[in-house]
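Listed below, chain by chain, are the residues.
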Amino acid sequence: MGGPNLEIFKFGLYILFPIGYMYYFGTNLEERFSVPDFWPKPHQTHKLPYEKDEIEGELARLRARRLALRERRLREEGAREGGGEE
């Protein structure tokens, strides 16, 4: 058998290894495990409208975009149907 010195050494190793591991990986986490430019900057994100006039303006913009896309789609379908008959 090993004796008390071996038991004290093993106990110290069992205690110090997890503490050392947590200290090594727990310090400087921002620099060590960070991905540069992962989160978008505030000027790169969407700005949600909260005022009534801003919401109405955004709805009007979305409505106009949807109608423009619908008109373009209908024109393309009409040109496709018209071109197929000749």
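Refer to the structure above for everything that follows.
Residues numbered from 1 in each chain as written. Predicted model: local features only at pLDDT ≥ 70, side-chain atom pairs only at ≥ 80, totals over all residues. Heavy atoms only, no water.

### Observations concerning the overall build of the protein chain
Consideration 1: Of the regular secondary structure elements, the protein chain holds 3 helices and 0 strands.
Consideration 2: Overall, the protein chain shows an N-to-C arrangement of helices and strands of α-α-α.
Consideration 3: Against the compact-globule benchmark of 12 Å for 86 residues, the protein chain has a radius of gyration of 33 Å, which places it well outside the compact range.
Consideration 4: Residues classed as buried in the protein chain amount to 0% of the 86 residues present.
Consideration 5: For the protein chain, the exposed area adds up to about 8,800 Å²; of that, 61% sits on carbon and sulfur atoms. (Helix = DSSP H or I, 4+ residues; strand = E, 2+ residues; numbered from the N terminus. Rg over C-alpha atoms; globule rule 2.2 N^0.38 Å. Buried < 20%, exposed > 50% of the residue type's maximum accessible area, 1.4 Å probe, protein only. Areas by Shrake-Rupley, 256 points an atom, 1.4 Å probe, with all protein chains shown as cover.)

### Brief notes about the pattern of salt bridges
Consideration 1: As enumerated under the stated definition, the model contains 5 salt bridges in all.
Consideration 2: Between Lys10 and Glu7 there is a salt bridge, with its nearest N and O atoms 3.5 Å apart. Of this pair, Lys10 and Glu7 both sit in helix H1 (residues 4-26), separated by 3 residues, roughly a single helical turn.
Consideration 3: Among the ionic pairs, Lys41 bridges to Asp37, the shortest N-O distance being 3.4 Å. (Salt bridge = Lys/Arg side-chain N within 4 Å of Asp/Glu carboxyl O.)

### Section: the packing of aromatic side chains
Consideration 1: Here the structure, examined in full by the defined rule, presents 4 aromatic pairs.
Consideration 2: Between Phe38 and Trp39 the ring centres are 4.9 Å apart and the planes differ by 85°, which places this aromatic pair in the edge-to-face class.
Consideration 3: Residue classification places Trp39 among the exposed residues on the basis of a relative accessible area of 68%.
Consideration 4: Following the ring pairs from residue to residue traces out a cluster consisting of Phe17, Tyr21, Tyr24 and Phe25. (Phe/Tyr/Trp six-rings, centres within 6.5 Å; stacked < 30°, edge-to-face > 60°.)

### Remarks on a negative patch on the surface
Consideration 1: There is a patch of like negative charges on the surface, built from Glu51, Asp53, Glu54 and Glu56.
Consideration 2: Since its relative accessible area comes to 45%, Glu56 is described here as partly exposed. (Patch = residues over 30% accessible without salt bridge, like charges linked within 9 Å, V, L, I, M, F, W, Y side chains within 5 Å. Lys, Arg positive; Asp, Glu negative; His and termini not counted. Charge placed at Lys NZ, Arg CZ, Asp CG, Glu CD.)

### A word on unusual backbone geometry
Consideration 1: Positioned with a positive phi, Asp37 is a non-glycine residue whose angle comes to about 55°.
Consideration 2: With respect to the helices and strands, the residue Asp37 is situated in the loop between helix H2 (29-32) and helix H3 (52-85).
Consideration 3: Residue class for Asp37 comes out exposed when judged on its relative accessible area of 65%.

### Notes on H1
Consideration 1: Across its 23 residues, H1 extends 33 Å between first and last C-alpha, which sits within 8% of the 33 Å expected from 1.5 Å per residue.
Consideration 2: Asn28, located one to two residues past H1, shows a positive phi value of around 60°. (Expected span 1.5 Å × (residues − 1).)

### Regarding the environment of Phe25
Consideration 1: In this structure, Phe25 sits in helix H1.
Consideration 2: Excluding residues within four positions of it along the chain, Phe25 makes contact with Arg32 and Phe33. (Contact = heavy atoms within 4.5 Å.)

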